[in-house]
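What follows is the residue order along each chain.
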Amino acid sequence: MLRASIKRIEGAELNCRTITEGVGNCGVKNGDAIRALIDATVLGDHDEYPDARVRAELALGRDGADRIAMVAGNFSMMNRSLDAIGAPVGAGLNPLAAEMGVAVPAHLQS
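What counts and what doesn't
- Residues numbered from 1 in each chain as written.
- Predicted model: local features only at pLDDT ≥ 70, side-chain atom pairs only at ≥ 80, totals over all residues.
- Heavy atoms only, no water.
- Helix = DSSP H or I, 4+ residues; strand = E, 2+ residues; numbered from the N terminus.
- Buried < 20%, exposed > 50% of the residue type's maximum accessible area, 1.4 Å probe, protein only.
- Contact = heavy atoms within 4.5 Å.
- Areas by Shrake-Rupley, 256 points an atom, 1.4 Å probe, with all protein chains shown as cover.
- Patch = residues over 30% accessible without salt bridge, like charges linked within 9 Å, V, L, I, M, F, W, Y side chains within 5 Å.
- Salt bridge = Lys/Arg side-chain N within 4 Å of Asp/Glu carboxyl O.
- Lys, Arg positive; Asp, Glu negative; His and termini not counted.
- Charge placed at Lys NZ, Arg CZ, Asp CG, Glu CD.

Caption draft 1: Spatial organisation of the overall build of the protein. Of the regular secondary structure elements, the protein holds 4 helices and 2 strands. Counting the 110 residues in the protein, one finds 24% classified as buried. Across the protein, contacts joining residues at least 24 apart in sequence account for 39% of those joining residues at least 6 apart. Total accessible area on the protein is roughly 7,500 Å²; 56% of this is exposed by carbon and sulfur atoms.

Caption draft 2: Focus on a negative patch on the surface. Together, Asp 39, Asp 47, Glu 48 and Asp 51 make up a region of like negative charge exposed at the surface. Here Glu 48 is to be found in the loop between α2 (31–43) and α3 (49–84). For Glu 48, a relative accessible area of 45% gives the class partly exposed.

Caption draft 3: View of the pattern of salt bridges. Evaluation of the coordinates by the stated rule reveals 2 salt bridges. A salt bridge links Glu 57 to Arg 53, with the nearest nitrogen and oxygen atoms 2.7 Å apart. With Glu 57 and Arg 53 both in helix α3 and 4 residues apart, the pair spans about one turn of that helix. The partly exposed category is assigned to Glu 57, whose relative accessible area is 33%.

Now the structure itself:
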């Protein structure tokens, strides 16, 4: 979603590769700042958020930081909504869950 939502930042074209593994910037320019803001947003980490926000603004500008926070917040909200209504998780997502170190609860597996 993040890559699809940001085509241009402050007049510059953005060609953002998917962050799929590793730590730090994962080979993506400013990836460490992006990951930090996403992490703080999704986890609701009020201690980490201010620093992560400043780092993202310095790296990507205010518009870029806004979009990162909005997309991460929307993603988190949608996941929580789906969990709240007991929406099933397709078996095709099990490898992704394993990669992330989580298990889909049996009652949500489809």
